[in-house]
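Inside the fold
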Amino acid sequence: GQSLEQPSEVTAVEGAIVQINCTYQTSGFYGLSWYQQHDGGAPTFLSYNGLDGLEETGRFSSFLSRSDSYGYLLLQELQMKDSASYFCAVKDDDKIIFGKGTRLHILP
Amino acid sequence: ETGVTQTPRHLVMGMTNKKSLKCEQHLGHNAMYWYKQSAKKPLELMFVYNFKEQTENNSVPSRFSPECPNSSHLFLHLHTLQPEDSALYLCASSQGQGVNTGELFFGEGSRLTVL
């Protein structure tokens, strides 16, 4: 079967740093993506890791270790607008399979 | 505005009705997808089309029938649905096979309620 595991909820303080982990078990693997979804909105793409290592895009960074079937999304200098659900997703050829999502709560 | 437009945004239907969801992308992409998003469940992949050809059917019940007349349009025909089919149906597009960026562009979704 195919599964992606990530925490259901994470809480952090405005201005702080938070890391959302994702482990996966899939039949095929091309890369790991991260998406953000605000309540009532559509998921929006944040980052993609096709190779091991760290990818940085502004305040957001994403990491992948293929040997460990593990990745994470790192959000720095948290802002209230970052309150949303974050999904990791595995690209397996034509398919992109999503995890259940992590709800990020940010406290002022 | 993501370049992917879904209509209708909200739909209420009885179990004996027939309705269709429509998706249109203006991004020049070659792959289109249907996902189902229910409360407390991950986005479930339903169908994938590459260059108008269906390349993935994720064991979806036959009461959901996709149609992809060209690379820009995707439909989901619905008939004799069940209340548990109530969900947000999301359409997405990507550049397609051979482009390994993992980036999907989603529409705003069609919120379906089956009575």
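Just above sits the structure.
Attention here is on the structure that accompanies the text.

1. A word on the environment of Asp92 of chain A
Residues and elements named next belong to chain A.
- By secondary structure assignment, the location of Asp92 is in strand β9 (residues 84-92).
- Those residues in contact with Asp92 that sit more than four places away from it in its chain are Gln2, Ser27, Gly28, Phe29 and Tyr30.
- Among the polar contacts made by the side chain of Asp92, one reaches the side chain of Ser27 at a distance of 3.4 Å.

2. Overview of the nonpolar core
- Within the largest apolar cluster, 40 residues are counted, with the highest numbers of intra-cluster contacts made by Leu32, Leu75, Tyr86 and Phe98 of chain A together with Tyr35, Leu104 and Phe106 of chain B.
- Setting aside residues no more than four positions away along its own chain, Leu104 of chain B makes contact with Tyr35, Phe45, Ile96 and Phe98 of chain A together with Tyr33, Tyr35, Ala92, Ser93 and Ser94 of chain B.
- Counting residues in hydrophobic clusters, the runner-up holds 22 residues, among them Val4, Phe47, Tyr49 and Cys91 of chain B.

3. Regarding the packing of aromatic side chains
- Counted under the stated rule, the structure contains 13 aromatic pairs over all chains.
- With centroids separated by 6.0 Å and ring planes inclined at 70°, the aromatic side chains of Phe98 of chain A and Phe106 of chain B adopt a geometry described as edge-to-face. Residue Phe98 of chain A is located in strand β10 (residues 95-98), and its partner Phe106 of chain B is located in strand β10 (residues 105-106); the two belong to separate chains. Side by side, Phe98 of chain A and Phe106 of chain B carry an identical accessibility label, which is buried.

4. Some remarks on the interface of chain B and chain A
- At the interface, 21 residues of chain B touch 20 residues of chain A.
- Between chain B and chain A the total buried area reaches about 1800 Å² when both faces are included, carbon and sulfur atoms providing 57% of it.
- There are zero salt bridges connecting chain B and chain A.
- Seen at the junction of chain B and chain A, the total is three residue pairs in polar contact (both at pLDDT 80 or more).
- Those elements giving two or more residues to the side of chain B that touches chain A turn out to be β4 (31-37), β5 (44-50) and β6 (53-57) of chain B.

5. Observations concerning the sheet that holds strand β1 (residues 3-5) of chain A
All names here are of chain A.
- Across the sheet, five strands lie side by side as β1-β3-β8-β7-β6; this open sheet has antiparallel pairing. The strands lining the two open edges of the sheet, one partner per strand, are β1 and β6 (53-57). Going across the sheet, the axis of each strand differs from the next one's by a mean of 15°, ignoring polarity.

6. A look at the pattern of salt bridges
Residues and elements named next belong to chain A.
- Enumeration according to the criterion identifies four salt bridges over all chains in this entry.
- Two residues, Arg103 and Asp39, come together in a salt bridge whose shortest N-O distance is 2.6 Å. Highlighted residues: Arg103 in strand β11 (residues 102-107) and Asp39 in the loop between β4 (31-37) and β5 (44-49), separated in sequence by 64 residues.
- Residue Arg103 is classed as partly exposed on the basis of its relative accessible area of 27%.
- Among the residues examined, Asp39 registers a relative accessible area of 61% and is labelled exposed.
- The residue Arg59 makes a salt bridge to Asp82 at a minimum N-O spacing of 2.8 Å. Of the two residues, Arg59 is situated in the loop between β6 and β7 (60-65) and Asp82 in the loop between β8 (70-75) and β9; the sequence distance between them amounts to 23 residues.

Reading guide: rules and limits
- Residues numbered from 1 in each chain as written.
- Chains lettered and ligands numbered in written order.
- Predicted model: local features only at pLDDT ≥ 70, side-chain atom pairs only at ≥ 80, totals over all residues.
- Heavy atoms only, no water.
- Helix = DSSP H or I, 4+ residues; strand = E, 2+ residues; numbered from the N terminus.
- Contact = heavy atoms within 4.5 Å.
- Polar contact = N/O pair within 3.5 Å; in protein donor to acceptor, adjacent residues only side chain to side chain.
- Core = buried A, V, L, I, M, F, W, Y, C linked by side-chain atoms within 4.5 Å.
- Buried < 20%, exposed > 50% of the residue type's maximum accessible area, 1.4 Å probe, protein only.
- Phe/Tyr/Trp six-rings, centres within 6.5 Å; stacked < 30°, edge-to-face > 60°.
- Buried area = accessible area lost by both parts, 1.4 Å probe.
- Salt bridge = Lys/Arg side-chain N within 4 Å of Asp/Glu carboxyl O.
- Pairing = 2+ DSSP bridges.
- Axes fitted to C-alpha atoms, helices over the stretch in contact; angles between N-to-C directions.

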